[in-house]
Structure formats: structure tokens, C-alpha cells
Amino acid sequence: MHNYCAETANELETRWQSCWARDDVYAVGNPGDAGFDAKKPKFYCLDMFPYPSGAGLHVGHPVGYIGSDIISRFKRMGGYNVLHPMGWDAFGLPAEQYAIETGVHPAITTKKAIDTFRDQLQRIGFSYDWSREFATIDPDYYKWTQWIWLQAYSAWFDPTSQSAKPISTLMEALEKGDIVPEDANWESKTAVEKAAYVDTKRIAYLGEQVVNWCPKLGTVLANEEVIDGRSERGSHPVVRRPLKQWMFRITAFGDRLLEDLEDLDWPQSTRRMQQEWIGRSEGADVNFALANSDDSILVYTTRPDTLFGVTFMVLAPEHPLVAEVLENPPSSMDVTSVEAYVTEAKNKSDIDRMIDQKEKSGVFTGLQAINPATGEEIPIWIADYVLMGYGHGAIMAVPAHDQRDFDFAETFDIPIREVVRPTSGEDESCFSGNGVAINSASDAVSITNKTTNDAKQIIIAWLEKEEIGSAKVNFRLRDWLFSRQRYWGEPFPVVFDEEGLYYPIQEHKLPVSLPNLEDYTPVESNDPQPLLSKATDWLHTTAGEAGVDPALLPPETPVTRESNTMPGWAGSCWYEIRFCSPHDDARFVNKEAEKYWMGNGIDLYIGGAEHAVLHLLYARFWHKLLFDLGKVECNEPFRKLFHQGLLTSFSFQRKNKTLVPSNLVEERDKKFYEIETGEELERVIAKMSKSLRNVVNPDDVIADYGADTLRLYEMYMGPLEASAPWNTRDIVGVHRFLQRVWRLGIDDLTGELCSNLANEANEDVERALHATVSKVTDDIPKLAYNTAIASMIEFVNTSTSAGALTTGQLDTFLRILSPFAPHIAQELYTRIGGDGYVASQSWPTFDPKMLLADVIEMPVQIMGKVRGRISVPAGANPKEVEEIALHDEQIATLLENITVRKVIVVPNKIINIVAN
RNA sequence: GCCGAUGUGGCGGAAUUGGCAGACGCGCCGGAUUCAAAAUCCGGUUCCCGUUAAGGGAGUAUGGGUUCGAGUCCCAUCAUCGGUACCA
């Protein structure tokens, strides 16, 4: 037998894969390379590169990769230069955790995992340009990751131009007096003070602030990595504590990160999530003077128009004024209870703070502030519902118009004063919407009867005139904490002298290599202890050895290296750029190559929606920084983004909603039972997971059916963006399809070419072929692969039934099949005498005239129900169609005793007769 | 709670600007081929009524609405999934 089966598929697939590798079929050059035509249009199609885990690939991984491979192959055949690379995101926690358990160096396990992943991916037949492969752990790569960090270190954000600039421009402007420091006192500063001031303005800066410390992971985490007070990875408890850490001034880019989302071709939901994460709000800073004191409290509010409704103030327990007042408490303060409350709040984790949101707790300070609008004294409270991390850690409370303040006021019996009336609808107990100001007039200022928006403007103008406040834009986004106390990450190119002053490593001395460690176990300590501090020989060195500019520090000066490392995100923040020229060692990317491939951003970026905020926001930030500094052409890296759906699996659920691993379930009469207990189970959709035993390995699927079947099945399951459950039973459908494709060209019995390929073309088959080419050509750019495959199945069924297909028709069909099932298409293409690789041929065209039939069959409805059908010549005008319909025997009979009121003719679609 | 998405046969899913609901595949039923089975091929398959049939009725989460015509548009409700969580 010579039929298409698992053996046939596996034999021909591995054979062609080695030919592709041998002939570099999918390698693409760069502008300036021999044979590279830079006048051709380009298509840069990128997959989010994987973190290669020791477990290897499961069938969920390739979904997006198959999707990107199909459109890449399609674009190549359409005459584009296609950049379609793959690499590895290889720094990170899992390899390090494994090293802690086994003592095996992360570099070894990571390399092994990469080799496994690469083998598995190559077996699926992707058209990656493997000559561009790299991993983020390669010193040639992380050298430039460190270099980019130095760019941020050596830059500041100029608020006037809203862009990053070299730090030297700041120093010049300060010297010239164009920029004045906050204390208006540049001239009298010492050199060290001047340097310290400039340091506070760097985009990569060392900041002492409260961080999220995860004892279990032994490292700090960025705000984004903390979910409900637990680590995003592993879900371990996180506590907050102050620490000096490297930060990125991402908040400076908040406006641009927000505004530039508008022009991106991204899923609406992802843009929304980024918008909300950035969380821009407009409002005002207002200073409240304390009664009987020179102190004041600065608050941020989005509702300055409710100033007349402020009946108390609240400080976060961590607010500096709290500690200050406790040092020297006024007689009105109940020191014991205030201290107790503050201590308790400090010890509470974020999770505990979030429980019982309704139940507000707090303590009165005994202090009073003065409402600047009314002149009234208002009490100052401390409560943990006010967060130190947002605004100024203090609020003006307006219980009538803010639910939280309302709950608090109710609990502690504080007056509630209504100052906004809704323009419509009933007056709720706590109305937080826009309306019209009431009860808002004093000798100082009046906004009564003004709409909320007008009232805001008036109050802000008044605050500014009185110099007690100003308009302010605030972001939810915090600066990005960029230090980790882990081993398996990029070292920072910076050292400290004995006084704690820091110095960057010179560019030409990069990379700062990661030293080897004997032992990866984190140090048990209340204080975060970076693992690299165990590498004492490496840690303590001299300025010259480390590569500090001798002009900054004499070479023999003893220095300590930075022992924190960069987080896992670092490598994935710019890999898309490096793929343009991965082996360039003169620059982080070749300028011409970057301009050609990324001048208008990446044409298609495919990856999971789980990266909607973190990775995509960080990468955008790095790109904008590099853009401002003139290092890249474009200010957004990913022009078009697409999220593939999650591949789920079936699982089995007991009545009490617990899940049963799939290997403990049996199927009888279409029902599912737990083997041990005999309980009937419900089949539900669940994530693939080891514990549920419902993970499918692509290697097994390939062994049973071949890679082409795997590719086709994953794309045929449904729309690429939708989640769908893996159902092994369904795979045979597309496998049978490929068997029929095979028989179009090959006689199963003899293995020879089918004899009828030489016959004359069949008219119906030819029309069907044009229709299929048209459908597939339309569907691929939309990534609507499931319907493209359906139309190809229909074509094969049509030509199989017709028993007639010419060599030329088969050639055309194999070309449109080739992006989906490249191996079988190549094999048959070669067997029917095609030259070279089908992947390098041109995409077929179709004749639109062939899509139109001469006679069109149209359904005829009477009162919206189909009652018959008629045949009309193509191009008949509506009047003619109406005549034909009304004179149709069957229709005329049905219309005998009723009156025709109206006839609606939709050309080429339908006729509806309104009659009664 | 708030924001967003989704809801179509036994299952995965199709359906241009509103125009024949269920393409295509799985499964199932019947047939051909076979000593037999597998594989393959052909036909059928939304549900209900109708002896097979002819034919009729209902139907795209639920309830209303707009329209000659609604899976598609509008309003309300329910369910599932995702995001978010005191952001002043």
C-alpha cells in the first residue's frame, strides 16, 4: 500500500525538513546583503518567544506558532520579504528553583530545555529563520540588555518635550540656569550634591521605597507581579517593606504610553487593560492647613468641586505626618490607640487589608485641619483604607459623594454634607456622579449651581490663586521596580564605592558576566539578601577590573559590584529589535536592518493575552526610551497584536464540583463514570494540567498522524482567537482530509501518479478551485484559518466526487494548501513535477468571473418563510426577478387567495413577498 | 462590586452591509466493498408532529422591541469566562 498514513507522513515530513534546513529555505537576508531586494515589501511576523521549561512543549504552545507560520508562508509566496524568527526567553525563576533542588547549574538545565523545545518545534515544520535564533542568556545578547539599562541610567525625562534625553543635557541646563532644582539652589551645591541631585532624575534610578517582598521567592516583586497580595508566579504571600532598589521611571512615560495606544491595531480588550493599568486621572492637589500648627496636609482629589463637602480628612497609617506627630503628641491625641492602630495596620498584609472592605476601621488623631473653602475645623483620622502608595497617602473625605468615605462616616458618626445634586434621577444616599453643585458658597469662593465640570475649573483656579493647590494629573501606574535578589538574571553594569556612591561600567567593557555559584539556596534572612553576594570573589573588585571609566574613579579603587539582578522581563523587552540583526556585535541592532524591518513597527505580533499588561507595557516603555534617544526608528514596537486562544482540555467533574483526573474516568454509553466509585461525572472544559492528566504532548500526536495533521487540526478547531477544547477524537477528520488530498495525486495501490491527472479539466472543479483560492486568499490575512480549511475540504470533496482533476489544478491547490500542511504539499508538488520548493513559488490568482454562476437559484419567501425557489439568469434586474417569482407555479398557487402587498427583491440573495 | 467578552444541534464550530440558520469536521445511523474486520467509498443526521412518505410546526441563553425579513440591530434579564479590586 502507498496510502497516506502515519508512517508515510513521518517519513516525508522528516525528509523535507532536512531539505529545508540544508537549503536554508526560510532564511532571509537584510538590506545590503547579497541577493536581498530591499524594494520588496516586508512582513515582520513575530511570536512571543517561549520560556523553555524542562517539561517540553505541550499542544497548547504551537497554536500561535502555527498561526503565525501560515501567514508568514502566505506572505512569502505573495512576494514579501518575511522576517519570522524564534528565540528563547531563558532567564528566570524555574531553572533557578530547579538548581536549588538539584544543584545543577541553571545554564545546563536551560540549555537542555532549549534543545528539547527547538527539536519539538522543528518537527512541526515551522518556517522560522533559524539562523537568527538566540537566547536571552547569551552573553552576546545580555551584553546589550545591560547596555540599554545604561542608556536609561544615562538619560533623564524632560517634561517640557515629554521625552527622554541624555543626562548631559540636564547637567548643562542646570549649569546654565535653564532648569532650576526644586530648592532653587544649584550654585551653592557641592559637586557631590550636584551629582546626587542629577542621580534623582535618571530614568534608571536607585530608589529607597516600599517594595513588595516575597519571602518564599526570596525576592522583591514589581507591583504588576503582585495579585491580591500574592505573587503572580506561585501565589506566595507578599509583604511590604522599604528597600533601596533600582527603579525605572516608567511613570514619566504614562501619558505617551496611554495616548499611543490609540493608533495601535491591538485587541480592544488589551488596550483597555493597559489604559486601566496606567490609570490616568485628572484632579487637583490641595493643601489643608492644620489648626494651631504650621503643618499642612497635601491631598490629591479628582473632585475638587466637592471641597465644600469635606467633613474630615484621612491619613494612611504610613503617612509621615503620623510618625511625626507621635514623636510629639498633642494633648488631644489618644496616643495609645493611635499607636496600636498604626502598628496593627503595618503588620497587616495587603490581603488582610482587603478583606472586609465594607467594614472601615480607623482612629481619630485628635488633630483638626481647616477646610480652606469654609474655614471650618475638620477632624483628621487615620485609616487603612487610604493607601500610602497612591496620591499623597492622605485624602479629603467627602462622605456625601464617595462610597468609602460614606461608609467610614457612617461607622464613626461623622457629619455628611451634600454638595452635589444629580441632574436627573433620584437623590441617592451617596451620589458619586456628575451633577450640579449645591451648598457650595462662602466668602472665599462660590460654585453653587455650577455643573461639576465648571465647578472643578473654578475651584482649581481659586486654589491656584490662593496658592493652596493646583491642577494635577495622577497615574495609578507606579515606577517599575527592576531589582531582584536572584541569581539567574542579567547583572547590573554598575558598582559601588566604599561610600555607597555608584558608577556605571563603560559600554566597551560589557557584558558584566554572571559568576558561577556553588550553591543557589537563598539566604534565610529578614533582610533581602541577593544571591550574588555569595560570589565574594566576583563581588569585591576594583574600579579598573570592573570597567569603570578611569575619569570617574581611579582604577585601583576597591568597589563592590551590584549584587541584584534584573527581573525575567528584561530580556523580553527588546528581543524583537535584536532579531533584525541578532549577530551584530558593533551595535545592539544594525541601524539599516532595524529601519527596514521595524520602521513602522512589527506587522504582526502573536501571543497570549496573559501578557496584556506586563510584558507588552514594559516592552513599549523600552522602545519609547530607545526612540527618544535616537536608537530606533519607531516609537511603538508592535503595530498589530493578536492573541491566540487558550487550548483547553476536557476534565471530569463530580457532583460536588471537584475534578477527577482523566485516567480515573471511564466512558459508557456516552456517559462518564469515575472508575473507583462509579459516580456519574459531568464532562467540563478545564485548563490542561499535569494533575488532571489531560495534557497532550505534540510528539505523540505527530507519531500517530504526522505534523501536517497536527497543524491542520489545531487551526481547524475554531477561530484562532477563541479557546477550544482539545478533543483527540476529532483529529481523524483532518487526517482523512489529507488522505483524500494524497489520493488526488497518488494511486494508493501502486504509489504511482493518478492516471486521470492528464485528462481534460472539469468545469465544476475549475469553478470550485477558483472559489477556494478566493476564499483562502481572503481568509489568511484575517487569520480565519478554520474557514479557509473548510473551503479546502469542500474543494477536495468536490474534485474527488467529480473524479476529475488536472495536474495544473492540483498544482494550484497544493500551493494554497502549502502554508497549512507544508510537508504533504511539498511531496505532492514534487511528485507532479514541480520545480524546487513549493514554499518559494508564487501564490495563485483566481478569476473573479469564475466565481459567478450563469444561473442563480434564489429562495422565494412569503411573509418571511421560504416557500419555493426559482432560477434566474445572472444579472437579471429586480423587476424581472419579481416576475419570475410571481409566475412560479408553486408560488402562484400559494398566492391564489391572498393579496400581494409588496415584493422585496434582494439581488442574488432572496425574494420576499408580503401578502395577506 | 466594577469593566470587558461570550452564549447557535449529541460535540468543535459556519453564516459579507440584517437576506435560505446549522457550512465544514467529529460522532451516530444506513448502505457498498470484504470470507471477516480495519481502512476506504456512498447516503442520511437541529428538534417535534406525521406509519416510511408527502407535508407541517418550533428553533440561535431568556423576555420584550425595531423591520418585509433578526443568530446579526435596540432594551432588560440570566449564565459562563477573562480582567480588576478601597486608586481618592
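Residues numbered from 1 in each chain as written. Chains lettered and ligands numbered in written order. Predicted model: local features only at pLDDT ≥ 70, side-chain atom pairs only at ≥ 80, totals over all residues. Heavy atoms only, no water.

### As for the overall build of chain A
Heads up, the condition is: Here a helix means four or more residues in a row that DSSP labels H or I, a strand means two or more in a row labelled E, and each is numbered from the N terminus. Note on classification: 1.4 Å probe, protein chains only; a residue is buried when its accessible area is under 20% of the maximum for its type, exposed when over 50%, partly exposed between these limits. In what follows, residue pairs with any heavy atoms lying within 4.5 Å of each other are defined as contacts. Only the protein chains shown count as cover for residues, with accessible areas throughout obtained via the Shrake-Rupley method and a probe of 1.4 Å. Counted as positive: Lys and Arg. Counted as negative: Asp and Glu, with His and the chain ends omitted from the count. In plain terms, the charge of a residue is placed at NZ if it is Lys, CZ if Arg, CG if Asp and CD if Glu.
The helix and strand tally for chain A stands at 28 helices and 35 strands. A principal-axis box enclosing the C-alpha atoms of chain A has dimensions of 105 × 85 × 70 Å. Evaluated residue by residue, chain A yields a buried proportion of 54% over its 916 residues. Once local pairs closer than 6 in sequence are excluded, the contacts in chain A between residues at least 24 apart make up 70%. As presented, chain A carries roughly 41,300 Å² of accessible surface, and 49% of it is formed by carbon and sulfur atoms. Distance between charge centroids for chain A: 4 Å, based on 88 positive and 133 negative side chains.

### Considerations on the sheet that holds strand E10 (residues 281-289)
Convention followed: DSSP calls a pair of strands paired once it identifies at least 2 bridges connecting them. All axes here are fitted lines through C-alpha atoms, helices being fitted over the stretch that makes contact, and every angle between N-to-C directions spans 0 to 180 degrees.
Taking strand neighbours across the sheet as the criterion, the three strands line up as E11-E10-E18 in an open arrangement whose pairing is antiparallel. Edge positions in the sheet fall to strand E11 (296-301) and strand E18 (469-474), since each of these pairs with one other strand and no more. Across the sheet, the mean angle from the axis of one strand to that of its neighbour is 30°, orientation sign disregarded. This element, helix H14 (residues 452-466), spans E10 and E18 of the sheet and lies at about 120° to E18.

### Observations regarding helix H26 (residues 822-831)
H26 sits mainly inside the fold: eight of its 10 residues count as buried. Check the buried side of H26 and you find it contacts helix H1 (6-22), helix H2 (62-77), helix H21 (707-716), helix H22 (731-745) and helix H25 (807-817). Phi turns positive, to about 100°, at Gly833, one or two residues after H26.

### As for the domain arrangement of chain A
Interface size is commonly expressed as the accessible area that is lost once the parts come together. Rule in force here: These domain limits were set by an automatic method or by a database of domain assignments. Accessible surface is computed with a 1.4 Å probe, and the buried area is the amount of it that two parts give up when combined, taken over both parts together. Salt bridges are counted wherever a side-chain nitrogen of Lys or Arg sits within 4 Å of a carboxyl oxygen of Asp or Glu.
According to the domain assignment, chain A consists of domain 1 (9-146 + 571-642), domain 2 (159-267 + 481-561), domain 3 (281-474), domain 4 (648-693) and domain 5 (853-915). A separation of 28 Å is found between the C-alpha centroids of domain 1 and domain 2. For the pair domain 1 and domain 2, the two sides together bury roughly 3,700 Å², of which 66% comes from carbon and sulfur. Seen at the junction of domain 1 and domain 2, the total is four salt bridges.

### Regarding the pairing of strand E35 (residues 910-915)
When strand E32 (residues 855-862) meets E35, the two strands line up parallel, connected through three bridges. Bridging across to E35, Gln861 finds its partner in Asn912. As paired elements, strand E34 (residues 900-906) and E35 share six bridges and run antiparallel to each other. Pairing of Val903 across the sheet is with Ile913, part of E35. With antiparallel pairing between neighbouring strands as the criterion, E34 and E35 make up a hairpin whose turn holds three residues, including Asn908 at a positive phi of roughly 65°.

### Side note on the packing of aromatic side chains
Definition in use: Working definition: a ring pair exists when centres of Phe, Tyr or Trp rings (six-membered ring for Trp) sit within 6.5 Å. Plane angles under 30 degrees give stacked, over 60 give edge-to-face, the rest tilted.
All told, the structure shown has 57 aromatic pairs when counted by the stated rule. Seen in terms of ring centroids, Trp144 and Trp147 are 5.6 Å apart; in terms of plane orientation they differ by 75°. Their pairing is edge-to-face. Taken together, the residues span about one helical turn, with Trp144 and Trp147 both in helix H5 (residues 139-153) at a distance of three residues. The exposure class of Trp147 is buried, given its relative accessible area of 7%. Seen in terms of ring centroids, Phe364 and Trp381 are 5.5 Å apart; in terms of plane orientation they differ by 45°. Their pairing is tilted. Remark: Trp381 occurs in strand E14 (residues 377-382) and Phe364 occurs in strand E13 (residues 363-370); sequence separation between them is 17 residues.

### Describing the sheet that holds E32
Strand order in this open sheet of four strands is E33-E32-E35-E34, and the pairing throughout is mixed. The open sheet has two free edges, formed respectively by strand E33 (865-873) and E34, since each of these has just one partner strand. Taking the axes of each pair of neighbouring strands and ignoring which way they run, one obtains an average angle of 20° across the sheet. With respect to the sheet, helix H27 (residues 878-887) is in contact with E32, E33, E34 and E35, its orientation differing from that of E33 by roughly 125°.

### Considering the packing of helix H23 (residues 763-779) against helix H24 (residues 785-802)
Put simply, the rule is: Between 65 and 115 degrees an angle is taken as roughly perpendicular, under 35 as roughly parallel, over 145 as roughly antiparallel, and anywhere else as oblique. Amino acids outside the nonpolar list (Ala, Val, Leu, Ile, Met, Phe, Trp, Tyr, Cys, Pro) and the charged list (Asp, Glu, Lys, Arg) are all regarded as polar, and Gly is one of them.
Their axes nearest at 9 Å, the elements H23 and H24 cross at an angle of 170°. Between H23 and H24, the angle is such that the two are roughly antiparallel. Touching Val765, Ala768, Leu769, Thr772, Lys775, Val776 and Asp779 of H23 are Thr787, Ala788, Ser791, Met792, Phe795, Thr798, Ser799 and Ala802, all from H24. Here the residues of the contact of H23 with H24 are counted per class, giving eight nonpolar, five polar and two charged.

### Overview of the protein's contact with RNA strand B
Cut-off, in case you're wondering: The rule for a residue being near a molecule or strand is that one of its heavy atoms must lie within 4 Å of it. Definition of a polar contact: a pair of N or O atoms within 3.5 Å, with one able to donate and the other able to accept a hydrogen when the atoms are protein atoms, and with sequence-neighbouring residues admitted only if both atoms are side-chain atoms.
The immediate surroundings of RNA strand B are formed by 51 residues, with Thr302, Tyr390, Arg404, Tyr716 and Arg869 found nearest. Between RNA strand B and Asn786 there is a distance of 3.0 Å, counted from a phosphate oxygen to a side-chain nitrogen or oxygen. Considered class by class, the residues forming the surface near RNA strand B number 21 nonpolar, 12 polar and 18 charged.

### Details of the packing of H21 against H24
Where H21 meets H24, the closest approach of the two axes is 7 Å, and the angle between their N-to-C directions is 120°. Mapping the contact onto sequence places Leu712, Met715 and Tyr716 in H21 and Tyr785, Asn786, Ile789, Ala790 and Ile793 in H24. Looking at the contact of H21 with H24 residue by residue, the class counts come to seven nonpolar, one polar and no charged.

### Details of the pattern of salt bridges
In this structure the tally under the stated criterion is 39 salt bridges. Among the ionic pairs, Asp255 bridges to Arg280, the shortest N-O distance being 2.6 Å. Remark: Arg280 occurs in the loop between helix H9 (268-278) and E10 and Asp255 occurs in helix H8 (residues 254-259); sequence separation between them is 25 residues. Look at Asp255 and you get buried, because its relative accessible area is 18%. Of the residues examined, Arg280 reaches a relative accessible area of 33% and is grouped as partly exposed. A salt bridge links Glu763 to Arg767; its shortest N-O distance comes to 3.3 Å. With a gap of four residues between them, Glu763 and Arg767 both fall in helix H23, about one helical turn apart. Judged by relative accessible area, which is 46%, Glu763 ranks as partly exposed. Ionic contacts of the salt-bridge type, sharing partners, join the residues Glu11, Arg15, Glu827 and Arg831 into one network.

### Some thoughts on the confidence of the model for chain A
Our working rule: Residue-level confidence of the predictor is what pLDDT reports, using numbers from 0 through 100.
Residue-level pLDDT values for chain A average 89, and 97% of them are 70 or greater. Model confidence for chain A, summarised as mean pLDDT per element, is weakest for helix H12 (residues 350-354) at 58 and strongest for helix H17 (residues 575-578) at 98.

### Brief notes about the pairing of strand E23 (residues 558-561)
Side-chain alternation along E23 places Val559 and Arg561 on a buried face and Pro558 and Thr560 on a face that remains uncovered. Pairing of strand E20 (residues 494-496) with E23, which is carried by two bridges, proceeds in the antiparallel orientation. Paired with Phe496 across the two strands is Thr560, which belongs to E23. Pairing geometry for strand E22 (residues 540-542) and E23, over three bridges, is antiparallel. The partner of His540 across the bridge, within E23, is Thr560.

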